[in-house]
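Observations on the three-dimensional arrangement
Below, each chain spelled out in residue letters.
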Amino acid sequence: MPAEIDVKKDNTTIIKLKPSSDESSFNLNQTVSSNTIVPNRFKSIHPTRRGPEYSVKELFRINPSLLVALGFFPPFIGAFSSILMALVFHYDLISNYNWQCGRARFPSISRIINLPLERIPWQLFVLFHVPFRVIELCVGHVRYQRLMSVHCKWPKFYNFSRLCYTTFGFLEVIFLVFLSVIGERENIGVHVIFFYLMGFCGFIFYIANIICHSQSLWYLNPYGRISYYIKITTTLLYFISMPILFTAFFLYWKKCITIMYDIFALTEYTDFFLNITYHCCAFLDIRHKVIFSIRHVKPADKLS
């Protein structure tokens with residue numbers, strides 16, 4: 001394109017561009033018609049935006065705290081109800097009673113929840129909470145998969161822990177139901193086996209939950225780290241109490257050392273409250289992080 005250069009006396013230079021006479025050159029004054037398609041030099045890397053393929057309609061939402069409460073608190077309410085009923089109506093049967101190897105000053109929770117009257121609220125609340133607990137375990141299994149941290153250093157071990165979280169969580173619930181139905185009166189040996197199996201599965205569930213918690217977005221604030229440290233503390237105390245619980249019952253059952261049953265009962269009380277503390281961390285985990293929504297999804301091509 002030719003140019004005209006004009007230099008003034010004050011050393012000011014003015015450059016004027018002139019249209020080229022060559023028809024192949026691009027004319028600045030040429031306008032492009034609105035119907036003309038100008039080809040792109042490179043293929044666009046941006047995907048073509050399309051309309052929604054599905055129609056999603058939210059039917060209703062469930063309060064996450066309410067769902068967690070329905071899944072974790074009923075067994076505790078049933079236990080407290082049974083203890084209260086035993087203290088009011090059957091105090092002689094749970095206080096300083098004569099059992100296998102002499103008198104026991106402290107009743108175990110297993111004995112209380114298997115008394116004829118006291119087992120009614122216990123079994124009612126335990127069976128009521130099972131469906132909600134199953135839902136929570138399934139939701140936790142899926143969300144741990146989605147919320148795995150990008151900084152996770154052992155993804156395979158994380159997924160293995162996630163499977164342990166779900167598997168042993170289910171087993172803990174199953175053995176809890178079994179020991180509730182089969183009590184000391186039906187078969188004390190089977191009842192004790194279910195009791196220790198439930199404790200073992202619960203302990204593995206605790207560890208798997210801690211591992212997944214530490215390597216996922218659940219660990220983030222708010223409340224993520226507080227919940228993590230509470231879980232570690234309660235799990236360590238639970239781990240310390242397990243050999244005490246087993247040894248005390250073994251020495252009472254096989255060696256008839258009377259005081260061992262009192263130690264067993266007090267340790268069982270401690271484990272019961274540790275279990276409550278651990279599961280209450282679920283309220284910290286879901287706070288500001290989880291929404292339970294029931295939605296109806298319909299393909300767009302079937303819309304009427």
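Thresholds applied
Residues numbered from 1 in each chain as written. Predicted model: local features only at pLDDT ≥ 70, side-chain atom pairs only at ≥ 80, totals over all residues. Heavy atoms only, no water. Helix = DSSP H or I, 4+ residues; strand = E, 2+ residues; numbered from the N terminus. Expected span 1.5 Å × (residues − 1). Bend = angle between axes of the 7 residues up to and from the residue. Buried < 20%, exposed > 50% of the residue type's maximum accessible area, 1.4 Å probe, protein only. Patch = residues over 30% accessible without salt bridge, like charges linked within 9 Å, V, L, I, M, F, W, Y side chains within 5 Å. Areas by Shrake-Rupley, 256 points an atom, 1.4 Å probe, with all protein chains shown as cover. Salt bridge = Lys/Arg side-chain N within 4 Å of Asp/Glu carboxyl O. pLDDT = per-residue confidence, 0-100. Contact = heavy atoms within 4.5 Å. Core = buried A, V, L, I, M, F, W, Y, C linked by side-chain atoms within 4.5 Å. Phe/Tyr/Trp six-rings, centres within 6.5 Å; stacked < 30°, edge-to-face > 60°.

Under an unreviewed UniProt entry, the name given to the protein chain is Large ribosomal subunit protein mL64, and the organism recorded is Strongyloides stercoralis.

1. Thoughts on helix 7 (residues 224-255)
A rise of 1.5 Å per residue sets the reference length of helix 7, with its 32 residues, at 46 Å; its end C-alpha atoms lie 46 Å apart and thus fit the reference within 8%. Along helix 7, the sharpest change in direction is near 25° and occurs at Ser241; proline Pro243 comes one to four residues later. Where helix 7 is concerned, the buried positions are Gly224, Ser227, Tyr228, Lys231, Thr234, Thr235, Tyr238, Ser241, Leu245, Ala248, Phe249 and Tyr252. Just downstream of helix 7, Cys256 is the residue with a positive phi angle, here 55°.

2. Section: a nonpolar patch on the surface
Together, Leu84, Leu87, Val88, Phe89, Tyr91, Leu117 and Ile120 make up an exposed nonpolar region whose accessible area comes to about 720 Å². Top element by residues in the nonpolar patch is helix 1 (residues 64-89). It accounts for 4 residues. Tracing the sequence through the fold places Phe89 in helix 1. Phe89 gets classed as exposed once you look at its relative accessible area, which sits at 55%.

3. Quick word on the confidence of the model for the protein chain
Averaged over all residues, the pLDDT of the protein chain equals 78, while 79% of them reach at least 70. Within the protein chain, strand 2 (residues 13-17) has the poorest average pLDDT of any element, 54, and helix 5 (residues 155-181) the best, 90. Taken together, the stretch residues 23-35 has pLDDT below 50 and engages in 6 contacts with residues farther than four places along the chain or on a different chain.

4. Comments concerning the nonpolar core
The biggest cluster of nonpolar side chains holds 53 residues, and the ones touching the most others in it are Trp122, Tyr144, Tyr165, Leu179, Phe205, Phe264 and Phe272. Those elements that provide at least two residues to this core are helix 1, helix 4 (119-146), helix 5, helix 6 (184-214), helix 7 and helix 8 (258-286). In terms of residue count, the dominant contributor to this core is helix 6 (11 residues). In this view, Phe205 contacts Arg133, Leu137, Tyr165, Phe168, Gly169, Glu172, Tyr278 and His279; residues no more than four positions away in its chain are not counted.

5. Details of helix 8
End to end, helix 8 covers 45 Å across 29 residues, agreeing with the expected 42 Å (1.5 Å per residue, within 8%). Phi turns positive, to about 65°, at His288, one or two residues after helix 8.

6. Looking at the packing of aromatic side chains
Taken as a whole and assessed by the stated rule, the structure comprises 26 aromatic pairs. Linked through ring pairs, Tyr144, Tyr165, Phe203, Phe205, Tyr206, Tyr238, Phe239 and Tyr278 together constitute an aromatic cluster.

7. As for the pattern of salt bridges
Taken as a whole, this structure holds 1 salt bridge when the rule is applied. Of the charged contacts, one joins Arg133 and Glu172 as a salt bridge, the two residues approaching to 3.3 Å between their closest N and O atoms. Of the two residues, Arg133 sits in helix 4 while Glu172 sits in helix 5, which places them 39 residues apart along the sequence. Considered together, Arg133 and Glu172 belong to a single accessibility category, that of buried residues.

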